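Descriptive structure summary
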Amino acid sequence: MPAIVGVAQVITLGSSSVFHIGDVYKIMPLSTAKTFSGAGSFNTGESLHLNNNVSSTNTADSDVYDQGIALNA
């Protein structure tokens, strides 16, 4: 079902980002990335209180491919 969208302000987009408004059949990524970060890494705000007494980020990855993008061109 079509949607009526008001004003959308886009400040910046990354090189492998997707900006989509409306109906879509398929969105296929052209690149992938894996990010490892600890507890509370992506928190934003003016007054945060984090209590991460025991925090460990497991970066071991036993498989070779997480998401295949071979045919997404």
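The structure displayed is predicted, hence computed values, not measured ones. (Residues numbered from 1 in each chain as written. Predicted model: local features only at pLDDT ≥ 70, side-chain atom pairs only at ≥ 80, totals over all residues. Heavy atoms only, no water.)

What about the overall build of the protein chain?
- Broken down by element type, the protein chain carries zero helices and zero strands.
- Relative to the globule expectation of 11 Å for 73 residues, the C-alpha radius of gyration of the protein chain, 18 Å, shows a markedly less compact shape.
- Taking the principal axes of the C-alpha coordinates as reference, the protein chain spans close to 50 × 40 × 25 Å.
- A total of 73 residues make up the protein chain; the buried ones form 1% of that total.
- Looking at the protein chain alone, contacts between residues at least 24 apart form 36% of all its contacts between residues at least 6 apart. (Helix = DSSP H or I, 4+ residues; strand = E, 2+ residues; numbered from the N terminus. Rg over C-alpha atoms; globule rule 2.2 N^0.38 Å. Buried < 20%, exposed > 50% of the residue type's maximum accessible area, 1.4 Å probe, protein only. Contact = heavy atoms within 4.5 Å.)

A few points about the pattern of salt bridges
- Within this structure, the stated rule accounts for one salt bridge.
- For D61, the salt bridge goes to K34, with nearest N and O atoms at 2.2 Å.
- When its relative accessible area of 38% is taken as the criterion, D61 is described as partly exposed.
- In this structure K34 comes out as partly exposed when scored by relative accessible area, which is 42%. (Salt bridge = Lys/Arg side-chain N within 4 Å of Asp/Glu carboxyl O.)

Re a nonpolar patch on the surface
- Judged by side-chain polarity, V5, V10, L13, F19 and I21 come together as a nonpolar surface patch covering roughly 430 Å² of accessible area.
- When its relative accessible area of 48% is taken as the criterion, L13 is described as partly exposed. (Patch = residues over 30% accessible without salt bridge, like charges linked within 9 Å, V, L, I, M, F, W, Y side chains within 5 Å. Areas by Shrake-Rupley, 256 points an atom, 1.4 Å probe, with all protein chains shown as cover.)

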